[in-house]
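Okay, here's what each chain looks like letter by letter:
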Amino acid sequence: DETPGEAVDAQPSPPSSDETPGEAVHAQPSPASSNQTPGEAVEAPPSPPSSDETPVEAVEAPPFPTSNEETLGKANDAPPSPASNDETHSGAVDAQPSPPSSDETPGQAVEAPPSPTSSDETPGGVVDSKRDVAAPRSKSTCDFSGKRMDICAMEGDLRMHGKAATVYVVSASGDSYRPENGMVTIHPYPRKMETETMQTIREVTIRWNDPPGPDAPRCTVTHDVPALVFSTGGYLSNLFHAMTDGIIPLFNTVREYNGRVQLVVTDYNHEWVDKFRDILAALSNYPVIDFDADNEVRCFPSVHVGTESHKELGIIPALSRKGYTMTDFRDFLRSVYSLKREWSTPVNRASGDRPRLAMILRRNSRTFANEAETIAAATEVGFEVVPAGPEAMSDMARFAEVMNSCDVMVGVHGAGLANMVFLPRNATVLQVVPWGDLSWASFSAFGAPTADMGLRYVKYEATAEETTLKYVYPRDHAVFTDVPSINKQGYSMTWRIFLNGQNITLDIDRFRGVLQQIYQSTIMADPVVEALPPPNEMPSEAVDANKDLKNEENGGADGSLIKPDVPAPRSKSSCDFRNERMDVCAMEGDVRMHGKDATVYVVSASDDSYRPENGVLMIHPYTRKWEPQTMQTVREVIIRWSDPPGPEEPRCTVTHDVPAVVFSSGGYLANFFHAMTDGIIPLFNTAREYNGRVQLVATDYDPKWIGKFRNILGALSNYPVIDFDADDEVRCFPSVRVGTESHKELGIIPALSRKGYTMTDFREFLRSAYSLKREWSTPVNRAAGDRPRLVMLLRRRSREFANEAEAIATATEVGFEVVPAGPEVVSDMAQFAEVVNSCDVIMGVHGAGLTNLVFLPRNGTVLQVVPWGDMRWASFSAFGAPTADMGLRYVEYEATAEETTLKYVYPRDHAVFTDPRSIQKQGFGVAWGTFFNGQNVTLDINRFRGVLQQIYHDSVLPDPSLDSAPVVEAPPSPGSSDAVDANREISGMKKGSKP
């Protein structure tokens, strides 16, 4: 789904169907689709691994209290130089700083005018001056394990002296965290993985003192609101970084305070503060304090040094202390800039309307060399083109309005594409990827984030014929013949040649074809298919009719005695056939269903919102639409439209007063990974909102599957599942939805979910369905003899641990309580869900059994052993990428050629070892027989022990008598009653490439 020019729709599909937990079923998984072959981006993948991440290195994707890594790392070794001004909102007006208030000394820089406040709300919530506060018992929590940021949150008697770059914690001796030497230093900028960048950030020192202490200065200004210290240095002049490293983490950290928080900035950048003054004023009621120039000793009830950063241009709800999503952030931006459009809706070309397309026009590098032709082609296709050069982007607020008025944004890879944050939902981002093997980095920066924003993503990858590098280098140069060799020389070489050294001459005919695809999705369909309306316009009134109803199988009156037809109301139908995973139709009014005929009848008025020309359409209600062979095994459901009175629609024999959802329990649902990805998660996403008042109807009815997931199905619906295939009743419903809402593998995208559900919501639902006790995995006390629990999934027949006993013994030796889990153990769904929930770590070789990670408590760790055969990408996509949204850590152990039993089958000069990708390219059947079904793994016990020791260290409480490292208490979970406003959930993130 990322081939050049192909649209990857991120439009919310209609609500989805069923999903449930279960045992590892080692059935052959579905063949990789053309857009999901190994090595190719699957459902908004993370950025690639960085050079410093070895195969056995922990790639953490935790919720608080540990760091998170959404992806395996960054595409390039070193950070790029900040983008040129034409890539970002440049030319910020140097507004006069706000005059200092009466309690602010002349040396205090006060930028970014505050929002209007009452007269008693002086800047920073100052309540007194020149007064010490009595020292209460202080509480401090610090996290230095994050990949993106070190953070400390303190409450109690906190004193801050900006010019000295010091925060003093005047603490009782029993403070929860105090380093041995009484001091720590933090660079408050979320690029910790980039050493050179962090060296440019001013260091903030935190000192712990017991009162009375000689080091703690006396307060000169006392505030009654919390303070947040962050940096506006680094790469924040680049819009991509301004959002990724600055604004989004700032929103995620302080939005909950509703303005009652003091922002304190080190590496103070006057232009940056002014440029984002509207956003800063919406986050804080008080002028920003210039930490570096401030000579006051400011006392706060709590201080937070550092911001909560998760991933590039994104938020992971499971890691956000308040569960924020990118939908929340974009709603916030719409409020700040008074942007009118939440949704991009198809325009009516019959009325002469044109969808608007903003074309980001760079200068100096990565420009469109045939810019005029490009604009003309877009206009010819049918768009109203809005050219956006650097001069158009100089006014931040105004350009936000321009972007929000558009339906499509087009541009070459670069920071200017970060303006997508202002696009309305359902709009399209078309990224032109320059020559130079930059598809991965480009997707990581601007493709992957689109899904969480509710945007569609289309990629146009430039060819060797379209780059101006062909005028600089001969065709036999490595720039064309061996691009990876150039990139391996380091980021500076990549930057100089591929990012800063080329422009793009678009192939107009090819580009026009891509635009035509996008255009079709931005206009009203003629008598074709009407797109589903935005969630707030869906026909939910009739569907939500929560009336008392007892099911006929329980001897109740569900309408089985009502035989006459229902008077035909005006029906409404909406269908979406553009989603890559699923076709869906939602109908309300007089809707009749005859299972044995596999037919749904819509008895509709002639002006029904959607009615296909021939009055009939077919849907396979299973969520792997891109796999034709799979979909052919799923029973087709026919939907017929007719006007009353009509000879076609049968008379009702049973009338229901709750909505119905039709889904398939066929396909690959016997495999636990698919049961969750294709069944249970989409079903939850579709039916959960009805609180049980919904009738589930299953085609390809599988009684074993229904029985296995009975707990989940019973929690979603108050009524037994109807076997659609065997049902000879004519059932009448107020509304019927054929198909379920599916977003990605083992995941939910909140921006696309009709009710904004997250994977945190889904996992809480599972805990309720199975009465699981543990929400959080917390470090155990090894001094008391406690051991973290590790469940080891033991496969049989293929991908086994050939040295299973040694692996178990090693894990035990490291310090874990090991719970071996073979097929016989995981056969009881409910019981095994409890087992996994009682553990802190789950490990196993890549396979469906790892899907049991859905039952792990938050902050648990997933250790995936990746078999030999160039399977890292497929393995990460299936079980690595989903961990972040679940609030789990992720660690990967990649088997070497020495660890696979294939070495006993093939000689070392065979392509299995010398070129495994060539085996993969022969098709999924060959790859399955060789790498999935044809090998076991003999772990290198010494290397394996090292990985387990890393995980163990994160699973136990620090012990100063055993550890040489500083003692760092993990911050409490969000529900902790003693956590104060300044204590934030901390999380780090992956290393990411820069635009």
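Counting restarts for each chain: residues are numbered from 1 in the order of the written sequence. Local features in this predicted model are restricted to residues whose pLDDT is 70 or higher, and side-chain atom pairs enter the listing and the counts only when it is 80 or higher, whereas totals over whole chains, interfaces and linings include all residues. Here the side-chain values reflect all heavy atoms present in the structure, with hydrogen atoms and water set aside.

The name recorded for the chain in an unreviewed UniProt entry is Glycosyltransferase 61 catalytic domain-containing protein, from Aegilops tauschii subsp. strangulata. Listed in UniProt under the heading Pathway (unreviewed entry), the comment for the chain reads: "Glycan metabolism." According to its UniProt record, the chain has this under Subcellular location (unreviewed entry): "Golgi apparatus membrane". UniProt positions are given in the numbering used here, feature names are shortened, and annotations may be inferred rather than shown by experiment.

Concerning the environment of N419
Secondary structure elements are defined from DSSP: runs of H or I of at least 4 residues count as helices, runs of E of at least 2 residues count as strands, and each element is numbered from the N terminus. By the secondary structure assignment, N419 is in the loop between β17 (408-412) and β18 (428-433). Partly exposed residues are those whose accessible area sits between 20% and 50% of the maximum for their type, while under 20% is buried and over 50% is exposed, using a 1.4 Å probe and protein chains only. Overall, the relative accessible area of 0% leaves N419 in the buried class. Separated by 176 residues in the primary sequence, N419 and M243 place their C-alpha atoms 9.4 Å from one another. Pairing of N or O atoms within 3.5 Å defines a polar contact, subject to two protein rules: one partner must be a possible hydrogen donor and the other a possible acceptor, and residues neighboring in sequence count only if both atoms are side-chain atoms. Of note is the side chain of N419, whose polar atom sits 2.7 Å from the backbone oxygen of G416.

Quick notes on helix α14 (residues 672-687)
At every residue, the bend is computed as the angle between two fitted axes, covering the seven residues ending there and the seven beginning there respectively. Along α14, the helix axis deviates most sharply at I680, where the bend reaches about 30°; the proline P682 sits within four residues downstream. For α14, a buried count of 16 out of 16 residues is recorded, marking the element as mostly surrounded by other parts of the structure.

Looking at the packing of aromatic side chains
We call Phe, Tyr and Trp rings a pair once their centres come within 6.5 Å, taking the six-membered ring for Trp, and we label the pair stacked below 30 degrees between planes, edge-to-face above 60, and tilted otherwise. For the coordinates displayed, the defined rule picks out 30 aromatic pairs. Consider the rings of F684 and F765, whose centres lie 5.2 Å apart with planes at 45°: the pair is tilted. Linking F684 in helix α14 with F765 in helix α17 (residues 759-769), this pair joins segments that are 81 residues apart in sequence. Take F684: its relative accessible area is 1%, and that puts it in the buried class. Geometrically, a lysine NZ or arginine CZ counts as sitting over a ring once it is within 6 Å of the ring centre and also within 35 degrees of the ring normal. Directly above the aromatic system of Y893 lies the positively charged group of R943, at a separation of 4.0 Å from the ring centroid.

Some points on the packing of helix α6 (residues 371-381) against helix α12 (residues 508-520)
To define axes, lines are fitted to C-alpha atoms, for helices over the stretch in contact only, and angles between the resulting N-to-C directions are given on a 0 to 180 degree scale. Contact pair α6 / α12: the axes reach a minimum separation of 9 Å and the direction vectors enclose 40°. Between α6 and α12, the interaxial angle falls into the category oblique. The two elements α6 and α12 cross, and the hand of that crossing is right-handed. Touching E373, T374, A377, A378, E380 and V381 of α6 are I508, F511, R512, L515, Q516 and Y519, all from α12. By the convention adopted, Pro, Cys, Tyr, Trp, Phe, Met, Ile, Leu, Val and Ala count as nonpolar, Lys, Arg, Asp and Glu as charged, and the other residues, Gly among them, as polar. Here the contact of α6 with α12 is composed, by residue class, of seven nonpolar, two polar and three charged. Angle categories: roughly parallel below 35 degrees, roughly antiparallel above 145, roughly perpendicular from 65 to 115, and oblique for all the rest. Helix crossings fall into two classes, left-handed where the near helix is turned counterclockwise from the far one by less than a right angle and right-handed where it is turned clockwise. By the convention used here, residues are in contact when the closest approach between their heavy atoms is within 4.5 Å.

Considerations on the pairing of strand β20 (residues 572-576)
Counting buried positions along β20 gives four out of five residues, so the element sits mostly inside the fold. When DSSP finds two or more bridges between a pair of strands, those strands are recorded as paired. Where β20 lies against strand β21 (residues 584-594), five bridges are found, and the strand directions are antiparallel. In the strand pairing of β21, S574 is matched with A586.

Quick look at the packing of helix α18 (residues 804-814) against helix α24 (residues 941-955)
Put simply, α18 and α24 touch, their axes get as near as 10 Å, and they point 40° apart. As summarised for this structure, α18 and α24 are arranged oblique, according to the angle between their axes. In the crossing of α18 with α24, the sense of the turn from one axis to the other is right-handed. Taking contact as the criterion, the partners of E806, A807, T810, A811, E813 and V814 in α18 are, on α24, I941, F944, R945, L948, Q949 and Y952. Counted by class, the contact of α18 with α24 contains seven nonpolar, two polar and three charged residues.

Let's talk about the pattern of salt bridges
The salt bridge definition used is simple: a Lys or Arg side-chain nitrogen within 4 Å of an Asp or Glu carboxyl oxygen. One pass over the full model with this rule turns up 49 salt bridges. As a salt-bridge pair, K470 and E465 come within 3.6 Å of each other at their nearest N and O atoms. We classify K470 as partly exposed; its relative accessible area is 26%. The partly exposed category is assigned to E465, whose relative accessible area is 48%. The shortest N-O distance in the salt bridge between R789 and E817 comes to 2.7 Å. With R789 in strand β30 (residues 789-793) and E817 in strand β31 (residues 817-821), the pair connects residues that are 28 residues apart, well separated along the chain. Through salt bridges with shared partners, a single ionic network connects R148, R191, E194, D245 and E312.

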